[in-house]
Amino acid sequence: LYRLALWAQDLNNYATTLHQTYGHSPTGGTMGPLVWMSLVILAVEAVLFFIAFPALRAGKKSGWNLLYYIAAANALYALVYLFANQDIGSFIFSVISSVIGLYFLFQIRSYYIGTAKTPASPSNTSSSSSK
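First, a word on what this report is: a plain description of the structure on this page.

Definitions and cut-offs
Residues numbered from 1 in each chain as written. Predicted model: local features only at pLDDT ≥ 70, side-chain atom pairs only at ≥ 80, totals over all residues. Heavy atoms only, no water. Helix = DSSP H or I, 4+ residues; strand = E, 2+ residues; numbered from the N terminus. Buried < 20%, exposed > 50% of the residue type's maximum accessible area, 1.4 Å probe, protein only. Contact = heavy atoms within 4.5 Å. Areas by Shrake-Rupley, 256 points an atom, 1.4 Å probe, with all protein chains shown as cover. Patch = residues over 30% accessible without salt bridge, like charges linked within 9 Å, V, L, I, M, F, W, Y side chains within 5 Å. Salt bridge = Lys/Arg side-chain N within 4 Å of Asp/Glu carboxyl O. Phe/Tyr/Trp six-rings, centres within 6.5 Å; stacked < 30°, edge-to-face > 60°. Core = buried A, V, L, I, M, F, W, Y, C linked by side-chain atoms within 4.5 Å. Expected span 1.5 Å × (residues − 1). Bend = angle between axes of the 7 residues up to and from the residue. Axes fitted to C-alpha atoms, helices over the stretch in contact; angles between N-to-C directions. Parallel < 35°, antiparallel > 145°, perpendicular 65-115°, else oblique. Left-handed = near helix turned anticlockwise from the far one by under 90°.

Digging into the overall build of the protein
Along the backbone of the protein there are five helices and zero strands. Counting over 131 residues, the protein shows a buried share of 17%. Here the contacts in the protein between residues at least 6 apart in sequence split such that 53% fall between residues at least 24 apart. On the protein, roughly 10200 Å² of surface is accessible, and the fraction owed to carbon and sulfur atoms is 65%.

What about a nonpolar patch on the surface?
Taken together, the side chains of Leu4, Trp7, Leu11, Tyr14, Leu18 and Tyr22 make up a nonpolar region of the molecular surface, amounting to roughly 730 Å² of accessible area. Mapped onto the elements, Tyr14 comes out in helix 1 (residues 2-21). Judged by its relative accessible area of 54%, Tyr14 is exposed.

A look at the packing of aromatic side chains
Considering all chains together, one arrives at five aromatic pairs under this definition. Here the aromatic rings of Trp64 and Phe106 are separated by 5.2 Å at their centres, their planes lie at 80°, and the arrangement is edge-to-face. Of the two residues, Trp64 sits in helix 3 (residues 61-85) while Phe106 sits in helix 4 (residues 88-107), which places them 42 residues apart along the sequence. Note on Trp64: relative accessible area 4%, which makes it buried. Both rings, one in Tyr68 and one in Phe106, keep their centres 6.1 Å apart while their planes meet at 85°; by these two values the pair is edge-to-face. With Tyr68 in helix 3 and Phe106 in helix 4, this residue pair connects regions lying 38 residues apart in the sequence. Judged by relative accessible area, Tyr68 falls into the partly exposed class, the value being 34%. A relative accessible area of 42% places Phe106 in the partly exposed class.

Topic: the nonpolar core
In this structure, Ala52, Leu56, Trp64, Leu66, Leu67, Ile70, Leu105 and Tyr112 together form the largest nonpolar core, which totals eight residues. Mapped onto this core, the elements with two or more residues apiece are helix 2 (33-57) and helix 3. Sorting elements by how many residues they give to this core places helix 3 first, with four residues. If we skip the residues at most four places from it in the chain, Ala52 touches Gly63 and Leu66.

Describing helix 2
Taking 1.5 Å per residue, 25 residues should reach 36 Å; helix 2 reaches 36 Å between its end C-alpha atoms and fits that length. Remark: the principal bend of helix 2, roughly 25°, maps to Ile51, with a proline, Pro54, within the next four residues. Considered for burial, the residues of helix 2 that qualify are Leu34, Leu39, Glu45, Ala52, Ala55 and Leu56. The secondary structure elements touched by the buried residues of helix 2 are helix 1, helix 3 and helix 5 (109-113). One or two steps after helix 2, the chain reaches Gly59, where phi turns positive at roughly 80°.

A closer look at the packing of helix 3 against helix 4
Axes are the key here: two packed helices are described by the angle between their axes and the distance separating the axes. Helix 4 packs onto helix 3 with a crossing angle of 170° between their chain directions and a minimal axis gap of 9 Å. Put simply, helix 3 runs roughly antiparallel to helix 4. Classified by chirality, the crossing of helix 4 by helix 3 is left-handed. Counting all contacts with helix 3, which are made through Trp64, Leu67, Tyr68, Ala71, Ala75, Ala78, Leu79, Tyr81 and Leu82, the residues of helix 4 involved are Ile88, Ser90, Phe91, Ser94, Ser98, Leu102, Leu105 and Phe106.

Below, the structure is given as structure tokens:
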């Protein structure tokens with residue numbers, strides 16, 4: 001992702017130079033610290049997802065807790081992005097996505113704290129006859 005971001009920044013710089021060559025004012029800016037902060041947060045979230053996977057697979061609450069922390073960090077990032085970029089549409093979409101994600105996360109919480117009701121196993125109602 002880092003190399004891809006550098007490539008995109010180089011492409012943006014080339015487009016800006018080309019635009020200025022033909023007498024137009026530059027419309028694109030440089031990739032600011034918000035893009036790099038996004039990459040760092042994305043990398044941290046990816047590591048946390050990989051750490052949470054074995055615990056989730058084993059049914060441990062620690063895995064669920066990590067998913068909750070990831071969701072909280074993502075909501076915090078949306079708030080920082082709102083103040084840094086002043087993009088209310090992106091913030092609203094992020095809030096809606098976070099609410100939906102947290103809803104599903106809390107729906108499965110009982111499976112990780114041991115209070116979920118598991119479906120009853122089908123009982124053998126047919127009587128066996130011995131011959």
